[in-house]
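Below are the chains, spelled out letter by letter.
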Amino acid sequence: MQNIRSIFLMLSGITVFVALAALTVSVTLAIGGILTVLMVGRALSMKMKPAPVRAKAEAKREMRIWNDGRGTIIDL
């Protein structure tokens, strides 16, 4: 009777260990897959964005001021 109980405890311990190992592996693979999908999505979205265009200032123009009879106009 003692021998059967020890075999049962050993088998249940091994079963619990294997179940926890399988759970750990599956959770690790799931998190890895999610992170991979997010990284690929981010990489693709970065490629689809147009490159920023740098605005260049035009040659400086002189400030024009004149009076059209209704008020002074200042053209910057």
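Residues numbered from 1 in each chain as written. Predicted model: local features only at pLDDT ≥ 70, side-chain atom pairs only at ≥ 80, totals over all residues. Heavy atoms only, no water.

K.L.:
What's the story with the pairing of strand 2 (residues 72-75) in this structure? I'm lost.
P.N.:
Every other side chain in a regular strand lies on the same face of the sheet, so the side chains alternate between the two faces. Looking at chain direction, strand 1 (residues 64-67) and strand 2 are connected through four bridges and run antiparallel. Residue pairing in the sheet places Trp-66 in a bridge with Ile-73 of strand 2. The loop that links strand 1 with its antiparallel partner strand 2 comprises four residues; one of these, Gly-69, has a positive phi angle of about 100 degrees. (Pairing = 2+ DSSP bridges. Helix = DSSP H or I, 4+ residues; strand = E, 2+ residues; numbered from the N terminus.)

K.L.:
Just to check I follow, could you spell out the UniProt feature "transmembrane region" (unreviewed entry) in the protein for this structure?
P.N.:
UniProt tags residues 6-39 as "transmembrane region" (unreviewed entry). End C-alpha atoms of residues 6-39 are separated by 49 Å, and the span's content is 100% helix alongside 0% strand. (UniProt positions renumbered as here; feature names shortened; annotations may be inferred.)

K.L.:
Got a minute to help me understand the pattern of salt bridges in this structure?
P.N.:
Pairing between side chains of opposite charge can happen when their charged atoms approach one another. Enumeration over the complete set of coordinates arrives at one salt bridge. Residue Arg-70 pairs with Asp-68 through a salt bridge whose shortest N-O separation is 3.4 Å. Taking relative accessible area as the criterion, Asp-68 reaches 35% and is therefore assigned partly exposed. (Salt bridge = Lys/Arg side-chain N within 4 Å of Asp/Glu carboxyl O. Buried < 20%, exposed > 50% of the residue type's maximum accessible area, 1.4 Å probe, protein only.)

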